[in-house]
Amino acid sequence: MFDPTIYDNIKVVLEGAVYDLDLDGHILITRREDLVDLSSMSRTYAIEFARKVDKPSKAEINLKVHLSDLAAEILENPTAKPGCTLTIKLFTKVNDPTLECKQIEEELGLIWEHRPQITQLISYTYGNQASYYSNQITLSFGRKVDESQIDDFPDLINYAADSLFWLDERED
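Residues numbered from 1 in each chain as written. Predicted model: local features only at pLDDT ≥ 70, side-chain atom pairs only at ≥ 80, totals over all residues. Heavy atoms only, no water.

A. Layout of the overall build of the protein. Looking only at helices and strands, the protein features four helices and six strands. Each helix and strand of the protein, ordered N terminal to C terminal, gives the series α-β-β-β-α-β-α-β-β-α. Its C-alpha radius of gyration of 17 Å places the protein within 12% of the 16 Å reference for a compact globule of 172 residues. Along the first, second and third principal axes, the C-alpha set of the protein runs to 55 × 35 × 30 Å. A total of 172 residues make up the protein; the buried ones form 41% of that total. Sequence-distant contacts in the protein: of pairs separated by 6 or more residues, those separated by 24 or more amount to 61%. For the protein, the computed accessible surface area is about 10,100 Å², with 52% contributed by carbon and sulfur atoms. The protein carries 17 positive and 31 negative side-chain charges, and their two centres are separated by 4 Å. (Helix = DSSP H or I, 4+ residues; strand = E, 2+ residues; numbered from the N terminus. Rg over C-alpha atoms; globule rule 2.2 N^0.38 Å. Buried < 20%, exposed > 50% of the residue type's maximum accessible area, 1.4 Å probe, protein only. Contact = heavy atoms within 4.5 Å. Areas by Shrake-Rupley, 256 points an atom, 1.4 Å probe, with all protein chains shown as cover. Lys, Arg positive; Asp, Glu negative; His and termini not counted. Charge placed at Lys NZ, Arg CZ, Asp CG, Glu CD.)

B. Quick peek at the nonpolar core. Of all hydrophobic cores here, the largest spans 40 residues; its most connected members are Phe49, Ile61, Leu63 and Trp112. Of all elements in the fold, only α1 (6-23), β2 (42-50), β3 (58-65), β4 (85-94), α3 (97-111), β6 (133-140) and α4 (153-171) reach the threshold of two or more residues within this core. (Core = buried A, V, L, I, M, F, W, Y, C linked by side-chain atoms within 4.5 Å.)

C. Quick look at the sheet that holds β6. Spatial strand order, β1-β2-β3-β4-β6-β5: six strands in an open sheet with antiparallel pairing. Edge positions in the sheet fall to β1 (28-37) and β5 (117-123), since each of these pairs with one other strand and no more. Averaged over all pairs of adjacent strands, the angle between their axes in this sheet comes to 15°, without regard to strand direction. For β1 and β2, the ladder comprises nine bridges, and the chain directions are antiparallel. Its bridge partner being in β2, Leu35 is matched across the sheet by Thr44. Set on the sheet, α1 makes contact with β1, β2, β3 and β4; between it and β2 the angle comes to about 10°. Along the sheet, α3 makes contact with β4, β5 and β6, crossing β5 at roughly 155°. (Pairing = 2+ DSSP bridges. Axes fitted to C-alpha atoms, helices over the stretch in contact; angles between N-to-C directions.)

D. Main features of the pattern of salt bridges. Counted according to the given criterion, the structure contains twelve salt bridges. The partner of Arg32 in a salt bridge is Glu15, with the nearest N and O atoms 2.5 Å apart. Residue Arg32 is found in strand β1, and its partner Glu15 is found in helix α1; the two are separated by 17 residues along the sequence. The shortest N-O distance in the salt bridge between Arg51 and Glu169 comes to 2.3 Å. Here Arg51 is found in the loop between β2 and β3, whereas its partner Glu169 is found in helix α4, with 118 residues between them in sequence. (Salt bridge = Lys/Arg side-chain N within 4 Å of Asp/Glu carboxyl O.)

Put into structure tokens, the structure is as follows:
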């Protein structure tokens, strides 16, 4: 038997909170990954959800822990502050990136109370007439998370769902 790590504890709480929203009918979970990268000895958990099947936008919550954090925790290094990296990714479509990306950044800033750093990556398939662009919006918090932030996870997931709902309503 082993003691669960910070990553294990956060993953269980995060997954449970997202599944609660799915069971309540607020979101629909569309993908889930739980990966171990043997080359870097890191672990990654990702859970993706959408508002409804017929809506174009999706949200993904990513939790990652590196070997250095796992080792510091397992070896009980008193000088280290182990934790995990948490990011939120939102996927949507835009027709006019110059106009819409600014609007998206402003509205997400309001929803998230200007806490995470927001970056947007615009892409399209070369060779096809671009009727729309794919927009990957990444929300980064700039710090590690540990069990002391677990109580914030329901709010974080609700902010992600609110962001998703706003992106979908913008499309209508």
